[in-house]
Amino acid sequence: MGLMEVVHYGDPILRKKCKPVTDFEKLPRLIEDMFDTMYEENGIGLAANQVGIDLNLFIIDISDFEKEGESIHVFINGEILDTSGESWFEEGCLSIPDVRLDVKRPETITFKYQDESGDEHTEEISGLLARAIQHEIDHLNGVFIVDRVTATTKMTVNKTLKSIEIDAVSKAKYRKAFVL
Ligand SMILES: [Zn+2]
């Protein structure tokens with residue numbers, strides 16, 4: 001088991017658009033570590049840049065909520081091709097501890113992605129899975145739930161956000177120094 005450190009709001013890697021995955025050979029180990037980390041943190045989704053990895057990859061496990069069908073997923077190089085409908089749902093985020101916000105998103109998406117073997121799939125997805133996918137795709141494009149709410153709503157969490165940011169920025173600097 002390999003636990004990774006979840007990076008928080010304020011860390012520059014969470015504002016970047018992630019690179020596409022081209023080498024699928026080394027993914028199994030990373031994916032395993034990401035699942036261990038997500039379970040440890042009690043999350044239902046985790047994007048690679050949330051553990052400091054600049055790759056277009058995320059995982060989801062909604063088996064606590066959806067009893068039917070496949071509920072554990074690995075999505076690589078995902079792209080939302082089309083959307084329809086809308087719904088509101090309260091979302092949390094492992095990179096913004098203690099903040100929960102009502103976010104409006106499309107209810108249904110047409111989603112193209114590659115699996116761990118590199119095979120391409122296109123599916124129409126609704127409900128919690130569509131919600132989670134949109135949250136993680138946002139991460140891979142450098143977008144947070146706080147960017148999806150009005151300025152007034154964002155104000156209500158500004159103080160928490162600021163303290164998370166200060167901490168994350170100093171951790172990111174330390175990590176960079178360490179790599180040298
Ligand atoms: Zn998140």
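Draft legend 1. Layout of the overall build of the protein chain. Helix and strand content of the protein chain: four helices and seven strands. For the protein chain, the N- to C-terminal ordering of α and β elements is α-β-β-β-β-β-β-β-α-α-α. Against the 2.2 N^0.38 benchmark of 16 Å for 180 residues, the protein chain shows a C-alpha radius of gyration of 16 Å, consistent with a compact globule. Overall, the protein chain is about 40 × 40 × 25 Å in size when its C-alpha atoms are taken along their principal axes. Here the contacts in the protein chain between residues at least 6 apart in sequence split such that 66% fall between residues at least 24 apart. Surface exposure of the protein chain reaches about 10100 Å², of which carbon and sulfur atoms provide 51%.

Draft legend 2. Spotlight on the sheet that holds strand β6 (residues 108-114). Ordered in space as β1-β2-β3-β6-β7, the five strands form an open sheet in which the pairing is antiparallel. Single-partner strands in this sheet number two, and they are β1 (45-47) and β7 (120-126). Neighbour-to-neighbour, the strand axes of the sheet open up by a mean angle of 40 degrees, direction not taken into account. Packed onto the sheet, helix α1 (residues 27-40) meets β1, β2 (57-61) and β3 (72-84) and runs at close to 45 degrees relative to β2.

Calculation rules
Residues numbered from 1 in each chain as written. Predicted model: local features only at pLDDT ≥ 70, side-chain atom pairs only at ≥ 80, totals over all residues. Heavy atoms only, no water. Helix = DSSP H or I, 4+ residues; strand = E, 2+ residues; numbered from the N terminus. Rg over C-alpha atoms; globule rule 2.2 N^0.38 Å. Contact = heavy atoms within 4.5 Å. Areas by Shrake-Rupley, 256 points an atom, 1.4 Å probe, with all protein chains shown as cover. Pairing = 2+ DSSP bridges. Axes fitted to C-alpha atoms, helices over the stretch in contact; angles between N-to-C directions.

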